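What follows is each chain in one-letter form.
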Amino acid sequence: MVINMQNLGIIAEYNPFHNGHKLHIDKTKSKLNIDSSICIISGNFTQRGEPCLYSKWDKTKMALSNGIDLVIEMPTYYAVNSAQNFATCGITLLNSLGIIDYVSFGTECKDIEILKQLSDVLLNEPDEYKEELKKQLSMGNLFAKSNELAVLKVLGDDEFKNILSSPNNILAIEYLKALEKLNSKIIPFNIERTNDYLSLDINSDICSATAIRTALEKDIHTNLENVVPLSTYEIMRKNTPKFLKDFETQIIYMIRKMDLKSLNDILEVTEGLDVRLKKFSFETNDIYELVHKVKTKRFTQTKIQRILIHILLDMTKTEFENIQKNNYMYIRVLGMNSKGKELLKKISTTCNIPVISSLKKYIDTYGSNPLLEKDILSSNIYSEKYNIDMTEKIITI
C-alpha cells in the first residue's frame, strides 16, 4: 500500500522554543502522518512587542533540532503587528509555497469546528453581527467585549462563551479567516493547549514561554533545563537573553524628539496615543513604567509595547499601506536540514513569490523594497545592540 506523506506548516515565534512547542510538533506529526515540516518564525522582534530573547539564527537552530525541516522568516512588518496581520502573513507565506497540506496551531478550545463557526461570523460580518456590535460599542463597551457579545448574538449558544477571550483561540480564528480569504487548500489542524498561556509556573516540564521569559528577566534559572529541550538549553546557557528594557534609552529619546505628526504616523498609533506617548515620555526614564502609564483598558500592554518597537524600527502607517498595496512578499530562508534541502528544491518550482536564499542575489535580481529593507534594518539594530553577527549564512544541520 502506498502511503501519502504530508507536508506540515507551522507559524510560530519560538521565544524561546520549549517543551510545549516540541509536544505540539510531535503530536501533530503522529496524528497526521507528516513527512516534512516547514515553520514560519518571527525574526528578531516579536508580535508581543519585544526583542527576541535569542537571535533569529539561534531560534532557527532550536527549531531544526526539534522536528522542523525548513525555517522561513516572517517579514518584520508583519511579525511585529496585530494578530490579524501576523496570521494573514503567515498563512499567505505557507500558501505561496504550493506544497503545504496542513497548518497546525495550538488552541485553548479543543473543538476546531467551534473556531470555524466563529471565524465564519467574523469574516462575513452578517447584519445581525454588525448591528449588535454597533449597539454594544455605543453603550461604552470595549471593542473586544462588544465583538464577543455580537458574535454570541449571532450564534446564540453558551458553548461559544469565552472563546474569544483566549489569545491562542483569537490567533487560530485569524488563521482560519486567512485560509478562507485565500481560498486555500491547506487544512487547519489544532492541538489543545493544556497549560495556562499567562501562567508563570515553571515547576513542571511543560510551561508557557511567558514563564520562561519572566524567569530569565528576573535572572532566575531554577528548573529551566527541565522545561526546554537540551538543544534549546545549550543555546540559552551560552547566550545572554534580550529584553525590551535594553532599548529604553533609545526609544524614550526617540519619542521625546518626535513631533506629534510623526508619532501619529507610527503603525498602530490611534485615538490620542501620540499625545499620551509624548506626555508620559517626559515623566519617566523607565520603559516598563512608560508602558504602564500609557496603557488603558482600550490599549493593552502588548499593543503599547508593539508601538514602542515600531518607533524603534521606524515602522509607519504610510509605509505599511504602501507594502500592502504592492506585492513585496517573499520567502526568506533561515535554515534547513537534509530534508529541508529537498523541500527547498521543490519549492523553487512551486512557489509563486521569490525565494531568498541569498540576499545579494535577490537584490541584484529584483532590487530592494520597503518590506525587505525593514528586515535588514531590524537585524542591524538588533546586531548593533547585542554585538551579534547577523550576516551569518543559512543554518544547515
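Here, every reference points to the structure presented above.
I will try to describe carefully the structure that is included in this document. From a predicted model like this one, the values you see are computed outputs, not experimental measurements.

Definitions and limits used
Residues numbered from 1 in each chain as written. Predicted model: local features only at pLDDT ≥ 70, side-chain atom pairs only at ≥ 80, totals over all residues. Heavy atoms only, no water. Helix = DSSP H or I, 4+ residues; strand = E, 2+ residues; numbered from the N terminus. Rg over C-alpha atoms; globule rule 2.2 N^0.38 Å. Buried < 20%, exposed > 50% of the residue type's maximum accessible area, 1.4 Å probe, protein only. Areas by Shrake-Rupley, 256 points an atom, 1.4 Å probe, with all protein chains shown as cover. Lys, Arg positive; Asp, Glu negative; His and termini not counted. Charge placed at Lys NZ, Arg CZ, Asp CG, Glu CD. Expected span 1.5 Å × (residues − 1). Contact = heavy atoms within 4.5 Å. Axes fitted to C-alpha atoms, helices over the stretch in contact; angles between N-to-C directions. Left-handed = near helix turned anticlockwise from the far one by under 90°. Nonpolar A, V, L, I, M, F, W, Y, C, P; charged D, E, K, R; others polar. Phe/Tyr/Trp six-rings, centres within 6.5 Å; stacked < 30°, edge-to-face > 60°. Polar contact = N/O pair within 3.5 Å; in protein donor to acceptor, adjacent residues only side chain to side chain. Arc of directions from axis to C-beta. Salt bridge = Lys/Arg side-chain N within 4 Å of Asp/Glu carboxyl O. Core = buried A, V, L, I, M, F, W, Y, C linked by side-chain atoms within 4.5 Å.

## Details of the overall build of the protein
Working step 1: Counting its regular elements, the protein contains 20 helices and eight strands.
Working step 2: The C-alpha radius of gyration computed for the protein amounts to 21 Å, which stays within 12% of the reference 21 Å derived for 397 residues, consistent with globular compactness.
Working step 3: Expressed along its principal axes, the backbone C-alpha trace of the protein runs to roughly 65 × 55 × 50 Å.
Working step 4: A buried classification covers 53% of the 397 residues belonging to the protein.
Working step 5: Accessible surface for the protein amounts to roughly 18,400 Å². Of this, 49% is attributable to carbon and sulfur atoms.
Working step 6: Both charge centroids of the protein, one from 50 positive and one from 51 negative side chains, sit 3 Å from each other.

## Quick word on helix 5 (residues 112-124)
Each full turn of the α-helix corresponds to 3.6 residues, which orients residues three or four apart in the same direction.
Working step 1: Its 13 residues place the ends of helix 5 18 Å apart at the C-alpha level, agreeing with the 18 Å of an ideal helix rising 1.5 Å per residue.
Working step 2: Listing the buried residues of helix 5 in full gives I112, I114, L115, L118, S119, V121 and L122.
Working step 3: Lining the buried residues of helix 5 we find strand 4 (102-107), helix 6 (127-138), helix 7 (143-155), helix 8 (167-181) and strand 5 (187-192).
Working step 4: Positive backbone phi, at 45°, marks E125, one or two positions downstream of helix 5.

## Remarks on the packing of helix 5 against helix 8
Working step 1: Remark: helix 5 packs on helix 8, axes separated minimally by 9 Å, with the N-to-C direction vectors making an angle of 65°. Taken as a pair, helix 5 and helix 8 cross one another with a handedness that is right-handed. Taking contact as the criterion, the partners of L115, K116, L118, S119, L122 and L123 in helix 5 are, on helix 8, N169, A172, I173, L176, K177, E180 and K181.
Working step 2: Here the contact of helix 5 with helix 8 is built from residues that sort into seven nonpolar, two polar and four charged.

## Notes on the environment of H18
Working step 1: Mapped onto the fold, H18 is located in the loop between strand 1 (6-12) and helix 1 (19-32).
Working step 2: Exposure remark for H18: the relative accessible area of 5% places this residue in the buried category.
Working step 3: Note: C-alpha distance between H18 and L313 (295 residues apart in sequence) is 28 Å.
Working step 4: With residues up to four places along the chain from it excluded, the contact list for H18 reads C207, S208, A209, I212, V227, V228 and P229.

## Some thoughts on the packing of aromatic side chains
Working step 1: Tallied over the full model, the rule gives 10 aromatic pairs.
Working step 2: With a centroid separation of 5.8 Å and 90° between ring planes, the pair formed by F247 and Y386 is classed as edge-to-face. Taken together, the residues F247 in the loop between helix 11 (230-238) and helix 12 (248-257) and Y386 in helix 20 (residues 370-386) connect sequence positions 139 residues apart. Accessibility assignment for this pair places F247 and Y386 in one class, buried.

## Examining the packing of helix 6 against helix 7
Working step 1: At a minimum axis distance of 8 Å, the contact between helix 6 and helix 7 shows a crossing angle of 145°. Every pair of crossing elements has a handedness; the one defined by helix 6 and helix 7 is right-handed. On helix 7, the residues that touch E128, Y129, E132, L133, Q136 and L137 of helix 6 are F143, S146, N147, L149, A150, V151, K153 and V154.
Working step 2: The residue inventory of the contact of helix 6 with helix 7, partitioned by class, reads eight nonpolar, three polar and three charged.

## Comments concerning the side chain of S104
Working step 1: Mapped onto the secondary structure, S104 falls in strand 4.
Working step 2: In terms of polar contacts, S104 uses its side chain to reach the side chain of T28, at 2.9 Å.
Working step 3: Beyond its immediate stretch of four places on either side in the chain, S104 contacts L8, G9, I10, H24, T28, F189 and I191.

## Digging into helix 18 (residues 338-350)
Working step 1: Spanning 13 residues, helix 18 covers 19 Å between terminal C-alpha atoms, matching the ideal 18 Å at 1.5 Å per step.
Working step 2: For helix 18, the full list of buried residues reads G340, L343, L344 and I347. All buried residues of helix 18 lie within an arc of 105° about the axis, which places them on one face of the element. With respect to the buried face of helix 18, the exposed residues turned more than 90 degrees away are S338, K345, S348 and T349.

## Brief notes about the pattern of salt bridges
Working step 1: One pass over the structure, following the stated rule, counts 17 salt bridges.
Working step 2: Between K116 and E113 there is a salt bridge, with its nearest N and O atoms 3.5 Å apart. On the criterion of helical spacing, the pair formed by K116 and E113 is a turn pair, its members being three residues apart in helix 5.
Working step 3: Residue class for K116 comes out partly exposed when judged on its relative accessible area of 34%.
Working step 4: Among the ionic pairs, K279 bridges to E283, the shortest N-O distance being 3.0 Å.

## Considerations on the environment of I191
Working step 1: Along the polypeptide, I191 turns up in strand 5.
Working step 2: The spatial distance from the C-alpha of I191 to the C-alpha of N226 is 22 Å, given a sequence separation of 35 residues.

## What about the nonpolar core?
Working step 1: Ranked by size, the top nonpolar core spans 126 residues in total, and within it Y14, I38, Y78, L97, L277, L308 and I311 carry the most contacts.
Working step 2: Once residues within four sequence positions are removed from consideration, L97 is found in contact with I38, I72, I331, I347, T350 and C351.

## Quick notes on unusual backbone geometry
Working step 1: Geometrically, the link from N15 to P16 is a cis peptide bond, its omega value of 0° lying close to zero.
Working step 2: Here P16 shows up in the loop between strand 1 and helix 1.
Working step 3: If you check the backbone angles, E125 has positive phi at about 45° while not being a glycine.
Working step 4: Counting through the fold element by element, E125 comes out in the loop between helix 5 and helix 6.
Working step 5: Classification of E125 by relative accessible area gives partly exposed; the value is 36%.

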